[in-house]
Amino acid sequence: MKAAATAAATILVAGLALPTQAAPPAPAQAVADRPGDGLSWADRATLLRYAEDTWASFVAMTDEASGMPADKLKADGTTSVQTSTTNIGAYMWSAVVAEELDIIDRDELVDRLSVTLETLAGLERDEGSGQFFNWYDHHTGEVITVWPDDGSTVIPHYSSVDNGWLATGLQVVREAVPELAEPAGELFDSMDFGFYYRPEVNRILFHYAPSTGAAPCCYDTLVSESRIATYIGIAKGEIPRKAYFGTFRSFPNTCDWDWTEQKSVGEYRSYLGQNVWEGAYQYRGMEIVPAWGGSMFEALMPSLFVPEESWGRRSWAVNHPNYVQAHIEHGLEEAQYGYWGFSPSNNTNGGYNVYGVEAIGMDPNGYPSNNDATLVDYGWEGCDKPAQPLPEPEDYTNGVVTPHASFLALRYAPEETMENLRNLESDFAIYSDWGFRDAVNVDTGTVDQWFLSLDQGMIMGAIGNALAGDLLRDAFVTPELSSRVKPVIAMEEFTNYR
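Since the structure is predicted, the reported quantities are computational estimates derived from the model, not experimental observations.

## Regarding the overall build of the protein chain
Within the protein chain, the regular secondary structure consists of 15 helices and 19 strands. Against the 2.2 N^0.38 benchmark of 23 Å for 498 residues, the protein chain shows a C-alpha radius of gyration of 21 Å, consistent with a compact globule. Projected onto its principal axes, the C-alpha coordinates of the protein chain cover approximately 65 × 55 × 50 Å. Split into buried and exposed, the 498 residues of the protein chain put 60% on the buried side. Carbon together with sulfur atoms contributes 48% to the accessible area of the protein chain, which is approximately 17,900 Å² in total. Counting 30 positive and 71 negative side-chain charges, the protein chain places the averaged centre of each group 8 Å from the other.

## Focus: the pairing of strand E11 (residues 274-283)
In terms of burial, E11 is largely enclosed, as eight of its 10 residues are buried. Summarising the sheet, strand E10 (residues 265-271) and E11 pair through seven bridges and their orientation is antiparallel. Along E11, the bridge assignment pairs Glu267 with Glu278. Two successive antiparallel strands, E10 and E11, enclose a turn made up of two residues, where Leu272 displays a positive phi of approximately 50 degrees. For E11 and strand E12 (residues 286-288), the ladder comprises three bridges, and the chain directions are antiparallel. The residue of E12 that forms the bridge with Tyr281 is Ile288. Between E11 and E12, which pair antiparallel in sequence order, lie two residues; one of them, Arg284, sits at a positive phi of approximately 50 degrees.

## Some points on the state of the cysteines
This structure, assessed with the given rule, holds two disulfides. Covalent S-S linkage joins Cys217 and Cys218, the inter-sulfur distance amounting to 1.8 Å. Around the S-S axis, the bridge from Cys217 to Cys218 shows a dihedral of about -90 degrees and counts as left-handed. A relative accessible area of 43% places Cys217 in the partly exposed class. A disulfide bridge connects Cys255 with Cys383, and the sulfur atoms are separated by 1.9 Å. Its S-S torsion of about -90 degrees marks the bond between Cys255 and Cys383 as left-handed, since a negative value means left-handed. Here the residue Cys255 occupies a position in the loop between helix H7 (227-235) and E10, and Cys383 occupies one in the loop between strand E14 (352-353) and strand E15 (400-401), the gap between them amounting to 128 residues. Overall, Cys383 belongs to the buried group, its relative accessible area being 13%. Ordering the disulfide-forming cysteines of the protein chain by sequence position, one finds them joined as 1-2, 3-4.

## Here's the deal with the sheet that holds E12
If you walk across this open sheet you meet the three strands as E10-E11-E12, and the pairing is antiparallel. With one partner strand each, in any of the chains shown, E10 and E12 form the two edges of the open sheet. Neighbour-to-neighbour, the strand axes of this sheet turn through a mean angle of 30 degrees, independent of strand direction. Lying over the sheet, helix H10 (residues 316-334) contacts E11 and E12, oriented at roughly 120 degrees with respect to E12.

## Here we look at the side chain of Ser303
Note that Ser303 resides in the loop between helix H8 (296-300) and helix H9 (308-311). Within the structure, the side chain of Ser303 is placed 3.3 Å from the side chain of Tyr412, a separation counted as a polar contact. Excluding its chain neighbours within four sequence positions, the residues that come into contact with Ser303 are Glu308, His320, Tyr412 and Arg473.

## Topic: the domain arrangement of the protein chain
Segmenting the protein chain into domains produces domain 1 (65-218) and domain 2 (250-497). Here the C-alpha centre of domain 2 lies 25 Å away from the C-alpha centre of domain 1. Listed per partner, the contact involves 25 residues of domain 1 and 25 residues of domain 2. Interface area for domain 1 against domain 2, summed over the two sides, is near 2,200 Å², with a carbon-plus-sulfur share of 77%. Our count for the contact surface shared by domain 1 and domain 2 stands at zero salt bridges. Those elements that provide at least two residues to the side of domain 1 that touches domain 2 are strand E3 (72-74), helix H3 (85-100) and helix H5 (160-176). Among the residues forming the side of domain 1 that touches domain 2, the class breakdown is 12 nonpolar, eight polar and five charged.

Definitions and limits used
- Numbering of residues begins from 1 in every chain and follows the order in which that chain's sequence is written.
- Only residues with pLDDT of at least 70 are given local features in this predicted model, and only at 80 or more are side-chain atom pairs given and counted; all residues enter the totals for whole chains, interfaces and linings.
- Remark: hydrogens and water are excluded; side-chain values derive from all non-hydrogen atoms of the structure.
- Strands here are runs of E lasting at least two residues and helices are runs of H or I lasting at least four, both read from the DSSP assignment and numbered beginning at the N terminus.
- Within these notes, the globule rule equals 2.2 Å times the number of residues to the 0.38 power, and the radius of gyration is based on C-alpha atoms.
- Partly exposed describes any residue whose relative accessible area lies between the buried limit of under 20% and the exposed limit of over 50%, with all areas from a 1.4 Å probe on protein chains only and scaled to the type maximum.
- A 1.4 Å probe and the Shrake-Rupley method give the accessible areas. Residues count as covered only by the protein chains that appear here.
- Under the convention used here, Asp and Glu are negative, Lys and Arg are positive, and both His and the chain ends fall outside the count.
- Just so you know, the charge point we use is NZ for Lys, CZ for Arg, CG for Asp and CD for Glu.
- By this definition, two strands are paired if DSSP reports at least two bridges between them.
- Cysteine sulfur atoms are paired as a disulfide whenever they fall within 2.5 Å.
- Every axis corresponds to a line fitted to the C-alpha atoms, with the helix fit spanning only the stretch in contact, and the corresponding angles, defined between N-to-C directions, vary from 0 to 180 degrees.
- Two residues qualify as a contact provided that any one of their heavy atoms is within 4.5 Å of a heavy atom in the partner residue.
- Here a polar contact is recorded for every N or O atom pair within 3.5 Å, except that within protein the pair must consist of a potential hydrogen donor and a potential acceptor, and residues adjacent in sequence are included only if both atoms are side-chain atoms.
- In this entry, domain limits derive from an automatic or database-based domain assignment.
- Buried area: the accessible area, evaluated with a 1.4 Å probe, that two parts lose upon being put together, summed over both parts.
- The salt bridge criterion pairs a side-chain nitrogen of Lys or Arg with a carboxyl oxygen of Asp or Glu, the two atoms within 4 Å.
- Each residue is assigned to one class: nonpolar for Ala, Val, Leu, Ile, Met, Phe, Trp, Tyr, Cys and Pro, charged for Asp, Glu, Lys and Arg, and polar for all the others, Gly among them.

Here it is in structure tokens:
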């Protein structure tokens, strides 16, 4: 395998060169800087197996004629009609990982992605900004106006974050597959992310619906998957650098904000003329800059592509490991599920739901880690809002764990991640020839019957970085992104920096 060579003694496992023993224990930050450290040769062989099977799910859900994956694949082999721009991006970067890990050969990679890029070039999208609609029929490429599952009306819209993930996939292909650099680059360059920027609030829209003019404003939290779109816009010169500081770290700690999850600790600091409340939540002896819902997806998906903890030594370098530790302690100690990793996923009762560690989310009504919506209420000191007794472990019933959340934590807690994944695989019927199914109710043992292409893409991305020396980060980080985004991230100090 091209990027897995090591000077250490190696053993050949399934065609992959692997170290004979794990690297010595390292501090969380050191592990974060060296993808794959902290993994034994057996761990690496397991991750390769996971990648092979996860890639097989993409093969099963991708239409050969269009080169686009379905949004989801059922265990019986049926697929959804719809796909999203995020799904397409995830398929493209997953194909790059599959080739790098020798799961597919170069010819197959180029053949597959050539079809995808040709289809993308012909899809209906905004003529001025180059932004794609959110949902398409993955067979025909037609814009979805009627939801296939229930016949409800869909108003087509351009989503900032979903177009961000599509652009991410295009950039990875542009850099990692020189044979396709021109068509991938043309599509990437044609996408103007300044389309979403609203200078009056210094943030980006959620989305824009051209048929109605609806333009709900705006993403307002930093710890959100939406920051990938802001990074791309800054790198391309379409969004000003100060937009990075337009979102909240936490909401301020005055009584005007006492409806949020808890009163933050912090102080105001100024960057690029923006006054920023550097607030953090306190959780189990840690200070954590929260997400809206407390999910792994919000916090860590962008770090698959952007070396945030390396660029933000006084910010993300502390927050990412603390965030992962919060998920571990919630699952194993606070709720005592025996497993951890909470993120939006399919609900084992049917449909889709949002899950997280509620205490590190600003939303006062969740995301809970379970289907029974067990919530905490820390009150708000000084605002006539007393704290309520915390739930006991027995109150956390019907917890829902999703494997992709563990994979996102792989860089920051490799030993804990591998143990959690092994336990999920051995204790539940959650693993198959298509990799991990999307979620499991750890109380009842009920396993979801679907594989979601977005979540499979996060799994492939995490494995690709771990086994192939930060493959996706190297492909995504252009000189423009490094020169324009890195200094912005580097200048900030979160309150939780220690």
